[in-house]
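# Breakdown of the fold
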Amino acid sequence: MAKTRILIADDEEKIRKVLTCLLEDEDYSVKAVEDGNRAIIAAGTFKPDIVLMDQNMPGKNGIEALLELKEKQPNLTVIIITAFGEVSHAVDAIKKGAYDYLEKPFDNDKLLMLIKRAVEHKRMTDELEQLKQLTSAGKTFQHIIGISSAMKKLIAQAQCVVDTDASVLLQGESGTGKEILAQAIHQASKRRNAPIIAVNCGALPVNLIESELFGHEKGAFTDAREAKPGKFEQASEGTLFLDELGELPLDAQVKLLRVLEDKKVTRVGGLKAIPVNVRIISATNKNLEERVQKGFFRLDLFYRLNVFNIVIPPLRERPEDIPLLTDHFIGIYNKELGTSITGISNQAIELIKNYNWPGNVRELQNSLQSAMILAHEGTITTEHLPVRLRSSRINENQKPITGNGLDDNLKVMQANLEKELILEALMKTNYSRTETARLLKISRKTLFNKMKNYDL
């Protein structure tokens, strides 16, 4: 395995020698130069993975060299070394693309830890770039962000099924990105030039499910003032995405099965059977096998839709993907929110990585939007993060022991636990109070009072 290459640029010979010895002892390949101009020249031949560069150098200073290096190699990881009292300049460097900064006089252990983080950042960035370059036969999954082994396995599975018309069942917790994966499979398939039509089975009124899926003729019911094609016809030659499949009522399941077997739909109020050619991708956050056993879902429909199964891992099982997701969302929401966020502090990203994320990627998106609105510009720090993220580590690692006796301490611990359980249930139900109350087996009024009491 090739050694990580580190380019050092510092006008002080003593510092160059110390850094070279220190990094070579850690088995890095090192090259040292004395100013910004030589750093730019050396970068072209040495091809460094990381540049460790002094802020103040004769000729071209650190920020000037940084800008030129990043223009030629946008993904280059640059760490700025700054003198004591000049942190504001280092922060400016981060805004211009530096990965981080190190303040003189620096501690060797702190330097090596920073280098290790930079190496890991470079590895993740490179692997993400490789995933984006999987362009064979249009099989790109660039919108699926992740370098974890779980996500690599998921993308490999998805690539196996894109060239077929097999029905795909996506399983995963709420907020894991099932619709995004369905879109990616469709866009990589031979049906990409036809539409993908999404249907939220849980949001369809029971009396309109048949009309929405199969269409209706004029006069079929009171409000049917004109004929309307259903979702199956709208998705002709393309893909029909059935989200929240587990919520589909049994009578609708029977009719759906018949359409899948006959490959024809009959509109409500119509007599003519209309041929349909669609590929079905379904998604659920429920255990369909359990629902089959309890009689809530038809076994024959389950087998029909579960030809190829992909399980999307929850965010808590792939923390190494969180920094990439964070960078990705910051880039998106800077445009949408009108903010100028340049990055996130190491303390904040560690807090984010260690949080349990019951709402998965959707919750991460919402949390980052909130933090970006608070910070507005510069770097997101821990105080910009939602309270639940900042308090989660305290709740996990500290017991609220006081001098008030066992009973009072137990009451405090019980209140903290109750708050966390309510919050997790809210995340799982996408903040539906009715569904949350049902999940927790309490009345909606009791839930409302507890939410008010816990400032949720």
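Before reading on, note that the structure itself is shown above.
Keep in mind it's a predicted model, so treat the numbers as computed, not measured.

So, how was this worked out
- Residues numbered from 1 in each chain as written.
- Predicted model: local features only at pLDDT ≥ 70, side-chain atom pairs only at ≥ 80, totals over all residues.
- Heavy atoms only, no water.
- Axes fitted to C-alpha atoms, helices over the stretch in contact; angles between N-to-C directions.
- Helix = DSSP H or I, 4+ residues; strand = E, 2+ residues; numbered from the N terminus.
- Parallel < 35°, antiparallel > 145°, perpendicular 65-115°, else oblique.
- Left-handed = near helix turned anticlockwise from the far one by under 90°.
- Contact = heavy atoms within 4.5 Å.
- Nonpolar A, V, L, I, M, F, W, Y, C, P; charged D, E, K, R; others polar.
- Buried < 20%, exposed > 50% of the residue type's maximum accessible area, 1.4 Å probe, protein only.
- Polar contact = N/O pair within 3.5 Å; in protein donor to acceptor, adjacent residues only side chain to side chain.
- Expected span 1.5 Å × (residues − 1).
- Arc of directions from axis to C-beta.
- Pairing = 2+ DSSP bridges.
- Core = buried A, V, L, I, M, F, W, Y, C linked by side-chain atoms within 4.5 Å.

With that settled, the discussion passes to the packing of helix H13 (residues 322–337) against helix H15 (residues 360–375). Here H13 crosses H15 at 55 degrees, and the two axes come no closer than 10 Å. Comparing their axes, H15 and H13 come out oblique. As for the relative orientation of H13 and H15, their crossing is right-handed in sense. For the pair H13 and H15, contact is made by Leu325, Thr326, Phe329, Ile330, Tyr333, Asn334 and Leu337 and by Val361, Leu364, Gln365, Leu368, Gln369, Met372 and Ile373, respectively. Broken down by class, the residue content of the contact of H13 with H15 amounts to 10 nonpolar, four polar and no charged.

Moving on to helix H2 (residues 36–46). Inspection of H2 places Gly36, Ala39, Ile40, Ala42, Ala43 and Phe46 among the buried residues, and these make up the whole buried set. Considering only its buried residues, H2 is in contact with strand E1 (5–9), strand E2 (29–33), strand E3 (50–54) and helix H3 (62–72). Backbone nitrogen of asparagine 37 and a side-chain oxygen of the N-cap are separated by 3.1 Å at the start of H2; the cap is aspartate 35. Directly beyond the C-terminal end of H2, a positive phi value near 55 degrees is found at lysine 47.

Okay, the packing of helix H18 (residues 433–440) against helix H19 (residues 444–453) next. In the contact formed by H18 and H19, the axes pass within 9 Å of each other and the chain directions differ by 100 degrees. In this view, H18 runs roughly perpendicular relative to H19, as classed from their interaxial angle. Only Arg444, Leu447, Phe448 and Met451 of H19 make contact with H18, whose side of the interface consists of Arg433, Thr434, Thr436, Ala437 and Leu440. Considering only residue class, the contact of H18 with H19 consists of five nonpolar, two polar and two charged.

Omega for the bond connecting lysine 104 with proline 105 falls within 30 degrees of zero, at -10 degrees, which places this linkage in the cis form. Mapped onto the elements of the fold, proline 105 is located in the loop between strand E5 (100–103) and helix H5 (108–132). Phi angles above zero are rare outside glycine, and glutamate 244 is one such case at about 50 degrees. With respect to the helices and strands, glutamate 244 occurs in the loop between strand E10 (239–243) and helix H10 (250–262). The phi dihedral of histidine 376 falls on the positive side, at around 65 degrees, and the residue is not glycine. The residue histidine 376 is located in the loop between H15 and strand E16 (377–380) in this model.

To continue, consider H15. Owing to its 3.6 residues per turn, the α-helix brings residues three or four apart onto one side. Over its 16 residues, H15 extends 23 Å from the first C-alpha to the last, a length consistent with the 22 Å expected when each residue adds 1.5 Å. For H15, the set of buried residues is Asn360, Val361, Glu363, Leu364, Ser367, Leu368, Ala371, Met372 and Ala375. The buried residues of H15 occupy one face: seen down the axis, they fall within an arc of 165 degrees. Histidine 376 sits one or two positions beyond H15 and adopts a positive phi of about 65 degrees.

Within the secondary structure, lysine 264 sits in strand E11 (residues 264–266). Using a relative accessible area of 42% as the deciding quantity, one classes lysine 264 as partly exposed. Separated by 10 residues in the primary sequence, lysine 264 and isoleucine 274 have C-alpha atoms spaced 5.2 Å apart. Beyond its immediate stretch of four places on either side in the chain, lysine 264 contacts Val259, Ala273, Ile274, Pro275 and Val276.

Let us now look at the sheet that holds E1. Spatial ordering of the open sheet is given by E2-E1-E3-E4-E5, a layout of five strands whose pairing is parallel. Sheet topology places E2 and E5 at the edges, where each strand pairs with a single neighbour. Between one strand axis and the next, the sheet turns by 20 degrees as a mean value, whatever way the strands run. Alignment of strand E4 (residues 77–82) against E5, held across four bridges, turns out to be parallel. Bridge pairing in E5 links isoleucine 80 to tyrosine 101. Here helix H1 (residues 13–25) sits on the sheet and contacts E1, E2, E3 and E4; the angle it forms with E2, its principal contact strand, is near 175 degrees.

A separate point is the nonpolar core. Within the largest apolar cluster, 30 residues are counted, with the highest numbers of intra-cluster contacts made by Phe232, Leu240, Leu242, Leu245 and Ile280. When contributions to this core are tallied by element, the ones reaching two or more residues are strand E7 (196–200), helix H8 (209–214), E10, H10, helix H11 (288–293) and helix H12 (299–305). Of all the elements, H10 adds the most residues to this core, at five residues. Setting aside residues up to four positions removed in sequence, leucine 240 forms contacts with Ile197, Val199, Lys231, Phe232, Ala235, Arg279, Ile280 and Ile281. Core analysis: the next-biggest nonpolar cluster, separate from the first, contains 27 residues, Leu315, Phe329, Tyr355 and Leu423 among them.

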